[in-house]
Amino acid sequence: MSTKYKATTTEDAYFITITTMGWVDIFTRLNQKQIIIQALHYCQDQKGLEIYGYCTMHSHIHLLCKATNGFILSVVMRDFKKYTFKKIIQTIIEEPESRREWMLDYFKKACQHLKQEQQYKVWQNGYHAEHIYSNKFIKQKMEYIHNNPVNEKIVTMPEDYYFSSARNYAALENELEVVLLDLF
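Because the structure is a prediction, the values reported are computed rather than measured.

Reading the values: the criteria
Residues numbered from 1 in each chain as written. Predicted model: local features only at pLDDT ≥ 70, side-chain atom pairs only at ≥ 80, totals over all residues. Heavy atoms only, no water. Axes fitted to C-alpha atoms, helices over the stretch in contact; angles between N-to-C directions. Helix = DSSP H or I, 4+ residues; strand = E, 2+ residues; numbered from the N terminus. Parallel < 35°, antiparallel > 145°, perpendicular 65-115°, else oblique. Left-handed = near helix turned anticlockwise from the far one by under 90°. Contact = heavy atoms within 4.5 Å. Nonpolar A, V, L, I, M, F, W, Y, C, P; charged D, E, K, R; others polar. Phe/Tyr/Trp six-rings, centres within 6.5 Å; stacked < 30°, edge-to-face > 60°. pLDDT = per-residue confidence, 0-100. Salt bridge = Lys/Arg side-chain N within 4 Å of Asp/Glu carboxyl O. Buried < 20%, exposed > 50% of the residue type's maximum accessible area, 1.4 Å probe, protein only.

1. Thoughts on the packing of helix α2 (residues 73–94) against helix α3 (residues 100–109)
Stage number 1. Interaxial distance between α2 and α3 falls to 9 Å at its minimum, and their mutual angle equals 150°. Between α2 and α3, the angle is such that the two are roughly antiparallel. Where α2 crosses over α3, the handedness of that crossing is left-handed. Judged by residue contacts, Ile89, Ile92 and Ile93 of α2 engage Arg100, Met103, Leu104 and Phe107 from α3.
Stage number 2. Its residues assigned to classes, the contact of α2 with α3 shows six nonpolar, no polar and one charged.

2. Quick look at the packing of aromatic side chains
Stage number 1. Applying the stated criterion across every chain yields a total of six aromatic pairs.
Stage number 2. A network of ring pairs unites the aromatic residues Trp102, Tyr106 and Phe107 as a single cluster.

3. Examining the confidence of the model for the chain
As a note on interpretation, predicted positions should not be read in detail where pLDDT is low.
Stage number 1. Per-residue pLDDT for the chain averages 91, and the proportion of residues at 70 or more is 92%.
Stage number 2. Contacts for the low-pLDDT stretch residues 1–5, under 50 throughout, to residues beyond four places or in other chains number seven contacts.

4. Quick notes on the pattern of salt bridges
Here the idea is simple: oppositely charged side chains can pair when their charged atoms come close.
Stage number 1. Following the criterion strictly, the structure yields eight salt bridges and no others.
Stage number 2. Between Asp79 and Lys47 there is a salt bridge whose closest N-O contact spans 2.9 Å. Highlighted residues: Asp79 in helix α2 and Lys47 in the loop between α1 (30–46) and β2 (49–56), separated in sequence by 32 residues. A single burial state applies to Asp79 and to Lys47, both of which are buried.
Stage number 3. Here the residues in one salt-bridge network are Asp25, Arg29, Glu97 and Arg99, joined through shared partners.

Encoded structure:
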């Protein structure tokens, strides 16, 4: 398997994108966004994940992060996806969801070709990880992360999007603490 877009080192920072199967817009519901935030918080506390920037969009998540304390980011991401996939499916089944049958059917069909037996598949294979190599690259990716909801016309200002570290950088109430970087 290629490691071109994998975070296989420890203590190096990466820009990561994790995407749902078929870009299905799961994270339009608050309960689903909360699953992501809680899982990221757990990874920060228990798996050495250091987050500098993030944004939870409707069908994907962007992170600027690194693994610390001997953890390997690829392992942290694998565990994150494994845990959140189970919670996402559980929430679709147990909580009000107008697209329940359609989503469950879609995620069930997404794993029919897999060799290992699995009932549902929520996340696309792997994740896209780009190694951080300069301050200019960091600034570019942070602007991309924070402007994602603006470009999608969800909000007019990056800090208005509640599930983004743009709020942390604007010193506003937020859902997830991040390590603030001096971006100027």
